2 protein chains.
Amino acid sequence: MREVAIIGVGMTRFGELWNQSLRDIFVEAALKAIDDAGVDHIDSMYVGSMSPGLYVGQEHIGSMLADYLGVAPIPSSRVESACASGSVALRQAIFEVASGYSDIVLAGGVEKMNDGQDTSYILATAADQEYEAYFGVTFPGLYAMIARAHMHRYGTTSEQLAAVAVKNHANGYLNPDAQFQMKITKETVLNSTMVADPLHLFDCSPVTDGGAAAIVVPLEMAGKFKGHPVKILATAQSSDTIALHSRSDLSTVPAIGIAAEKAYKMAGLTPDKIDLAEVHDCFTIAEICATEELGFVEKGKGGEAAESGMTALDGKIPINSSGGLKSKGHPVGATGIAQIAEIVHQLRGEAGDRQVKNARIGLTQNMGGSGGSCTIHILEAM
Amino acid sequence: MREVAIIGVGMTRFGELWNQSLRDIFVEAALKAIDDAGVDHIDSMYVGSMSPGLYVGQEHIGSMLADYLGVAPIPSSRVESACASGSVALRQAIFEVASGYSDIVLAGGVEKMNDGQDTSYILATAADQEYEAYFGVTFPGLYAMIARAHMHRYGTTSEQLAAVAVKNHANGYLNPDAQFQMKITKETVLNSTMVADPLHLFDCSPVTDGGAAAIVVPLEMAGKFKGHPVKILATAQSSDTIALHSRSDLSTVPAIGIAAEKAYKMAGLTPDKIDLAEVHDCFTIAEICATEELGFVEKGKGGEAAESGMTALDGKIPINSSGGLKSKGHPVGATGIAQIAEIVHQLRGEAGDRQVKNARIGLTQNMGGSGGSCTIHILEAM
């Protein structure tokens, strides 16, 4: 098995990109990654995207985006695992390079959500259509159930949920690519509209257009290119019941812990060796569950971690230095690769005002649905 | 790079499967493949599916199908390249096994098309949404343009197109899993409704529900299992402009030739060494183009090949012994794996009444859209 590295990353600004189509967005991100890496060609590409069919009436975007990027006739495929689609694209690039079939592979992600006619319906296709979505459940509703169970079991408070949002907006304020580059207070969250009790509007990540891309090469070739390489120490993925009602414990997201255990084993690391993490805070409760399942704190202590400043930019384990899905935005298919882009920038010391000190090892955690799938990557500075 | 083999395949009957949902169909095919292989677990899985979001309102089928197959928490992702989705799933399984990350990987494909409200709209999302589908083009229309150009340039006749359908129905008549297990005549085709001139109804593959699966393992482990192994000699994929109007020559599908050249090089073979092939006859003209681009005959001679019996079951190079997409059916995401299942059965000598004599090396050619993507695999009996 060849070891692999990332030598370039790129992303668009996240937000309501009314002047750019899905193809424009992807091509911008891909060209930035190609330029960052300094490669003169790519051998193959993968695109993570959750639902271009429902959002913009376009499937077959592997072909379409290779065409518009000007790289046909190279192999180009789309991969999908709902909101974990981006990180799954990265996994395919890793496997293809590790296997020796290709040397330079682009892993990208894109979603054009604001053109969708009914984004709640479209996002709900990531839940169980027959047993959840059909009966009207939405994702705020599903995560609200997780939040309620967490509150019931561990005494987690609305203030602790709000602390996650406040922290992530503080970080996103420092990120020029963030959709909501603004600070908020605990009151902003607690006084905002209730979406699905106990989740307020500011507990929820937004609807976002955006794209991101990364270039994967064999580690032994990484020095040949302009791009400053970052080594991939681990890639791990898990699945779980797609429907929340099938799980024995609603107060957590077990797929995160299962993938984390595999990732730590592959990297030969324990959680205390991680310097920073980008986690999937589609809702504030999701970050709390991730903080626990990744082993940064004990079960039930994720809310305290955010409230105490432990996960702040200058805390013991900074989480979502980019602003996270909450502030940076959540173009679902792109999110997994945007997390990678943030960690690569941090490990290279290029994160500007939001740079985490002494960042050597970073982790990304990306998930689909209410935790029906989860992907974790661990990266190391070189 | 580890060499890889397929040790088990399975498929459902293809057709209008009103009593089975998408999940039922996939699980049936997957369990058949697992049983055929004799494995007691799988490490990971991929599902090729073009548009479960538009067909049945369900994305995130990687999670959903791992759940319903009872194999969670293993990694499970969907891959999509329109009608080439199945074969792209196989490629991902090959890469994952070849890389050493996993040993036993299931590659499946599924589509539940008959539940779709507007299948012409859904299939057209595989074309260029902004420049083709939006203006009303459908796939019969696109392939009709290819057929017209082929007729104009090479003198191909409607009778030659019909000969493809007649041959494939003759083969499908012998296949108990085929959607249309019936013989037809040239007159059946020529007297059928004109769909998009020069393509009659019987020049077109049908709308189909179905699933298929294959189990991929390292070649060196293949002997440990019950399933009779077949070696994978090559996997190749290409892309092209998604829109037909962007190509310089409409009388062919260049992506096939590009992928074929890579596949033959990887396998160290020339076209004359192929004993049989399953090709993507979504329309009769597509098989004619494939016969040429795969190097079985010169450009322009694909119609003659069908008419002369060269590609019949007892011909020099039998094509679509399964009945092809035309007679066996075309559940788009499953087609690429169903082609693999046919070649595996043939190379093992298990194809019953439609067995090709002395079948040692088989090829599959699967494509997406009007040839915006193409995947080719070459398999060898062991």
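Let me begin by describing the structure that accompanies this report. Please read these numbers as outputs of a predicted model, since none were measured by experiment. (Residues numbered from 1 in each chain as written. Chains lettered and ligands numbered in written order. Predicted model: local features only at pLDDT ≥ 70, side-chain atom pairs only at ≥ 80, totals over all residues. Heavy atoms only, no water.)

### A short note on the environment of V9 of chain A
All names here are of chain A. Selection rule: Numbering of helices and strands runs from the N terminus; a helix is a DSSP stretch of H or I covering at least four residues, while a strand is a stretch of E covering at least two. Remark: exposure states derive from per-residue accessible area (1.4 Å probe, protein chains only) relative to the maximum for the residue type, with buried under 20%, exposed over 50%, and partly exposed in between. Contacts between residues were defined by any pair of non-hydrogen atoms, one from each residue, lying within 4.5 Å.
The topology assignment puts V9 in strand β1 (residues 4–11). Since its relative accessible area comes to 5%, V9 is described here as buried. Here the alpha-carbon distance between V9 and I215, two residues 206 residues apart in the chain, equals 6.4 Å. Among all residues touching V9, those that are not within four sequence positions of it are K32, A33, D36, A213, A214, A341, V344 and H345.

### Observations concerning the pattern of salt bridges
Here is the rule we go by: Put simply, a salt bridge is a Lys or Arg side-chain nitrogen that is within 4 Å of an Asp or Glu carboxyl oxygen.
Applying the stated criterion to the full structure yields 42 salt bridges over all chains. In this structure, the salt-bridge partner of R2 of chain A is E220 of chain A, at a minimum N-O distance of 3.9 Å. Linking R2 of chain A in the segment before β1 with E220 of chain A in the loop between β7 (209–218) and β8 (230–239), this pair joins segments that are 218 residues apart in sequence. The exposed category is assigned to E220 of chain A, whose relative accessible area is 56%. Where D36 of chain B meets R348 of chain B, a salt bridge forms, and the shortest distance between an N and an O atom there is 3.0 Å. Placement of the pair is D36 of chain B in helix α1 (residues 22–37) and R348 of chain B in the loop between α13 (332–347) and β10 (361–368), with a sequence separation of 312 residues. Relative accessible area serves as the criterion here: at 23%, D36 of chain B is assigned to the partly exposed category. The exposure class of R348 of chain B is buried, given its relative accessible area of 11%. Overlapping salt bridges bring together R2, D103 and E220 of chain A as one network.

### Overview of the interface of chain A and chain B
The line we're drawing: We define buried area as the total accessible area lost by two parts upon association, computed with a 1.4 Å probe and summed across both.
Counting residues at the interface gives 63 residues for chain A, matched by 63 residues for chain B. Between chain A and chain B, roughly 4800 Å² of surface is buried when both sides are summed, and carbon and sulfur atoms account for 51% of that area. The largest contributions to the chain A side of the interface with chain B come from E59, H60 and Y101 of chain A, which together make up 15% of the buried area. Where chain A packs against chain B, one counts six salt bridges.

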